[in-house]
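# Breakdown of the fold
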Amino acid sequence: MESKYNPTDIEARWYQYWLDNKLFHSEPDGREPFTVVIPPPNVTGVLHMGHVLNETIQDTLVRRARLEGKNACWVPGTDHASIATEAKVIKRLKEQGINKSDLTREEFLKHAWEWTDEHGGIILKQLRKLGCSCDWDRTAFTMDEPRSESVIKVFCDLYNKGLIYRGVRMVNWDPKALTALSDEEVIMTPTHSKLYTIRYKLADGSGQLLVSTTRPETIMADVAVAVNPKDPRFSHLIGKTVIRPLVEREIPIIADDHVEIDFGTGALKITPAHDRTDFEVGMKNNLEIIDVLTADAHINCPECPELHGLDREVAREKSIELIKAKGLLEKVENYDNNVGVSQRSDVPIEPRLSMQWFLKYPCVKEAADAVANGDITFRPARWAKTYAHWLEGIQDWCISRQLWWGHRIPVWYRKDKARQLQEATKLDNEDAAAGDIYVGVEPPADAENWVQDEDALDTWFSSWLWPFATMDKECLAKFYPTTDLVTGPDIIFFWVARMIMAGYRFAGGKPFSNVFFTSIVRDLLGRKMSKSLGNMYTLDQLQEMGSAPAALRYVLAGAYYRRPLNFTLAGMKDATSALNKLGRFDKELAKAAGNAAKEPTYRDLIKNRPEAGPFQPAWDSLEDDLNTPEALGHVFSAIKGVKPAEMDATQATELWRQFRLITEALGLQLPDPDADIEVPEDIRAIAEERWAARAAKDWAKADELRAKLAELGWGMKDGKEEYKLTKI
């Protein structure tokens, strides 16, 4: 036995033993299958608390299944994360004095693959540190060859069926990442804004119309002012014209039901190029569309030189200065509203007219019925209503992104018609039938006569295929559909709903039977953990602070997936103490069992599973609804008052096997609580000072130093001639 207990070394050694003995590997056989696919984390990322909670729940499900004799297959992998990865690569290139625009696509992709090869394995290594029992031989990546082939085949199939088309639509535009986003990638964020009320002079000189807006920087794109036809204040003005305050021009006053009578003054400026509602009003009233913003959200209006070229935020302030100088500013008010923010780049998005590729979702009815009929169970069940509501109002999915890193859209245009086709307002499978465009898994035979589309596919277009794209034909026959999915409710639309549709469309049935939606990890104050609040910890940070992954695993095993987890560093200390209690009981059982007893390892327990014995209530808690904190409570209740020293060897051996069975199912790595612990020099110095104070009978100082040790996470046991330090 080690003279000093080093949890990191012990955990790494046990994990390597598991790997060496292929305890996590699975092959199709006659046993009942149990399959889980990991929600692929971004290749750019590191493990944060949300990941760790998710993986802990998955690991508990998989370990329990193995110990029940099932053929458990847990497929790991990572997502190529188009937007996030491209942003990282661009940042590194800038640090090297290289602009993306200076590179060809192939040159940029070479840098992107180098970055991915360098950083892509970090998060998978951290999963190993956590003790996750994934079948690492099956590790997948959404940009590897098998997954890429699946993505392109699916695109071609859907295009040929008329479900994919290209057209000009109002999309969510990320002005930092310079790409379109789906509605699900936009976070509506409460924002403290300003509401500006501006005087629009009637063209006939008979008065003015007060118009309220939060975006005065787009006034140059105004093409009308709208009022509600039911608003008596303005009925006499409908049909007249007003003078646009910036880049002056007469624009009509129109009536439209979209206008909220109670918002602002009741008169709304209509800017079809920069607002979704305004775009609909413009289409209905056949209004002109004027775009005054560049792709990176700068003003593009040479007719207004004071604003031309300014960033939108700067232009907002400057436009008000210009309006005020004209005597047209009525008032400015504080205004709280929700602003759409890019989930990827964390900047406000812009509604923007753009040529994009769209998908008409397949198998929507099958996806809705699967959950409504109970073929797929959501846990907690309340998320089924959210899911059903989204499917009822589902919009076509914008699947193209203006990026280089990702799966390039497999569409080619005839070189002699390329410009005409690329600028066409609509393209679909009829154009392919006419021979003007080519869509295929492989490039056209005469590739020199064709030009490929520049856009890449949305990252989610690869991950919606994940449950079946991660398996070959033999494994699909045995391991599909998967059993359980563990994920966060924030991606119920991004991922869960789309996977269900894809399963029915391409794999012949549902992709999974159960979906566990995890709760949010919060801090002691109940705040969601985030980088901006400085309350988020990564696995590496916790290890640097002296916390072993085993303690973190215990904390998260004690979190019921249905309830929020308030994570604290004090909780890590409690977890270490609880693990020590379990480790002490395990050691007592080993001693009582005697030297002739074989240690019950995970491998032995899988091959020869004992009865649950006194730990049956803990197993019941896991089987019923994966209630891990209740299961842990039953474990402590079962060992309370039990004295292994009073048992005979046969009794102790059987209880040892039963105890190890439930702790292995929970993925707990039991420490040796009596092993000497490596003590930092500063802790040893405080302990020596306290020992001297105790010898001098300075009890007040001794108590003060004991409290100080406790604050630093250490306990001190006093003996007659020596003391012992323990982690608490």
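Residues numbered from 1 in each chain as written. Predicted model: local features only at pLDDT ≥ 70, side-chain atom pairs only at ≥ 80, totals over all residues. Heavy atoms only, no water.

## Looking at the layout of surface pockets
Volume-wise, the second largest pocket comes out at about 1,400 Å³. Around the second largest pocket, the lining is made up of 43 residues, and of these T214, R215, D275, N337 and N338 lie nearest the centre. Of all the secondary structure elements, the ones that give two or more residues to the lining of the second largest pocket are β8 (186-201), β9 (208-213), β13 (267-270), α7 (276-284), α8 (312-325), β14 (329-342) and β15 (350-359). If one sorts the elements of the lining of the second largest pocket by residue count, β8 sits on top with seven residues. Looking at the lining of the second largest pocket, its residues break down into 14 nonpolar, 16 polar and 13 charged. (1 Å grid on protein atoms, 1.4 Å probe; cavity = no way out; pocket = protein on both sides within 12 Å on 5 of 7 lines; lining within 4 Å. Points joined across faces, edges and corners; volume = space filled by probe spheres on them. Helix = DSSP H or I, 4+ residues; strand = E, 2+ residues; numbered from the N terminus. Nonpolar A, V, L, I, M, F, W, Y, C, P; charged D, E, K, R; others polar.)

## Comments concerning empty space enclosed by the protein
Within the structure shown, the criterion is met by two cavities of 30 Å³ or more. What lines the largest cavity is simply W173, A273, H274, D291, L293, T294, A295, A297, E350, P351 and R352. At three residues, the largest contribution of residues to the lining of the largest cavity is made by β15. Class assignment of the residues belonging to the lining of the largest cavity gives a composition of six nonpolar, two polar and three charged. Quantified by volume, the second largest cavity comes out at close to 40 Å³. Considering the residues around the second largest cavity, the lining is formed by A81, S82, I83, A84, E185, R344, R401, D458 and T459. Looking at which element gives the most residues to the lining of the second largest cavity, the answer is helix α3 (residues 82-95), with three residues. In the lining of the second largest cavity, the residues fall into three nonpolar, two polar and four charged.

## Things to note about the sheet that holds β8
The antiparallel open sheet is built from three strands, whose spatial order is β9-β8-β14. Among the strands making up the open sheet, the edge pair consists of β9 and β14. For this sheet the average axis-to-axis angle between neighbouring strands, irrespective of direction, equals 20°. Of the pairings in the sheet, the one linking β8 to β14 comprises 13 bridges and is antiparallel in character. Looking at β14, one finds that K194 is bridged to N334. Across the sheet, α8 is in contact with β8 and β14; its angle to β8 comes to roughly 15°. (Pairing = 2+ DSSP bridges. Axes fitted to C-alpha atoms, helices over the stretch in contact; angles between N-to-C directions. Contact = heavy atoms within 4.5 Å.)

## So, a negative patch on the surface
A surface patch of negative charge is lined by D620, E623, D624 and E630. As for its placement among the helices and strands, E630 is situated in helix α22 (residues 628-639). Residue E630 is classed as partly exposed on the basis of its relative accessible area, which comes to 41%. (Patch = residues over 30% accessible without salt bridge, like charges linked within 9 Å, V, L, I, M, F, W, Y side chains within 5 Å. Areas by Shrake-Rupley, 256 points an atom, 1.4 Å probe, with all protein chains shown as cover. Salt bridge = Lys/Arg side-chain N within 4 Å of Asp/Glu carboxyl O. Lys, Arg positive; Asp, Glu negative; His and termini not counted. Charge placed at Lys NZ, Arg CZ, Asp CG, Glu CD. Buried < 20%, exposed > 50% of the residue type's maximum accessible area, 1.4 Å probe, protein only.)

## Quick notes on the packing of helix α10 (residues 383-392) against helix α16 (residues 492-506)
Orientation of α10 relative to α16, taken along the N-to-C sense of each, is 75°, at an axis distance of 11 Å. By the angle between their directions, the pair α10 and α16 is classed as roughly perpendicular. Contact with α10, carried on its side by W383, T386, Y387, W390 and L391, involves I492, F493, A497, I500 and M501 of α16 and no other residues of that element. Residues belonging to the contact of α10 with α16 are distributed by class as follows: nine nonpolar, one polar and no charged. (Parallel < 35°, antiparallel > 145°, perpendicular 65-115°, else oblique.)

## What to know about the sheet that holds β13
The strand order β11-β12-β10-β13 describes an open sheet built from four strands, whose pairing is mixed. Each edge of the open sheet carries a strand with a single partner, namely β11 (241-243) and β13. Between one strand axis and the next, the sheet turns by 35° as a mean value, whatever way the strands run.

## A short note on the packing of helix α9 (residues 364-372) against α16
Two elements in contact, α9 and α16, have axes separated by 8 Å at closest approach and are oriented at 115°. Between α9 and α16, the angle is such that the two are roughly perpendicular. The interaxial crossing formed by α9 with α16 has right-handed handedness. Taken together, the residues of α16 that come into contact with α9 (itself represented by V364, E366, A367, A370 and V371) are I500, M501 and Y504. (Left-handed = near helix turned anticlockwise from the far one by under 90°.)

## A short note on the environment of F263
Take F263: it is sitting in the loop between β12 (250-255) and β13. Of the residues examined, F263 reaches a relative accessible area of 25% and is grouped as partly exposed. For the pair F263 and T213, spaced 50 residues apart in sequence, the C-alpha separation works out to 9.8 Å. With residues up to four places along the chain from it excluded, the contact list for F263 reads L195, S212 and Y335.

## Quick word on the environment of P443
Mapped onto the secondary structure, P443 falls in the loop between β21 (437-439) and β22 (450-452). C-alpha separation for the pair P443 and V411, spaced 32 residues apart in sequence, amounts to 8.7 Å. Discounting residues that sit within four places of it in the chain, P443 has contacts with W412 and Y438.

## Concerning unusual backbone geometry
Glycine aside, negative phi is the norm for most residues, and most peptide bonds take the trans geometry. Cis geometry marks the peptide bond from R379 to P380, where omega comes out at -5°. Within the fold, P380 resides in the loop between β16 (377-379) and α10. Cis geometry is adopted by the peptide bond preceding P481, which originates at Y480 and carries an omega value of 0°. Tracing the chain through its elements places P481 in the loop between α15 (473-479) and β24 (484-487). One non-glycine residue, A81, lies in the positive phi region at around 50°. Assignment of secondary structure puts A81 in the loop between β4 (77-78) and α3.

## Focus: the pairing of β9
Relative to β9, β8 is paired through six bridges, and the arrangement is antiparallel. Paired with Y200 across the two strands is L209, which belongs to β9.

This is a description of form; function is not addressed.
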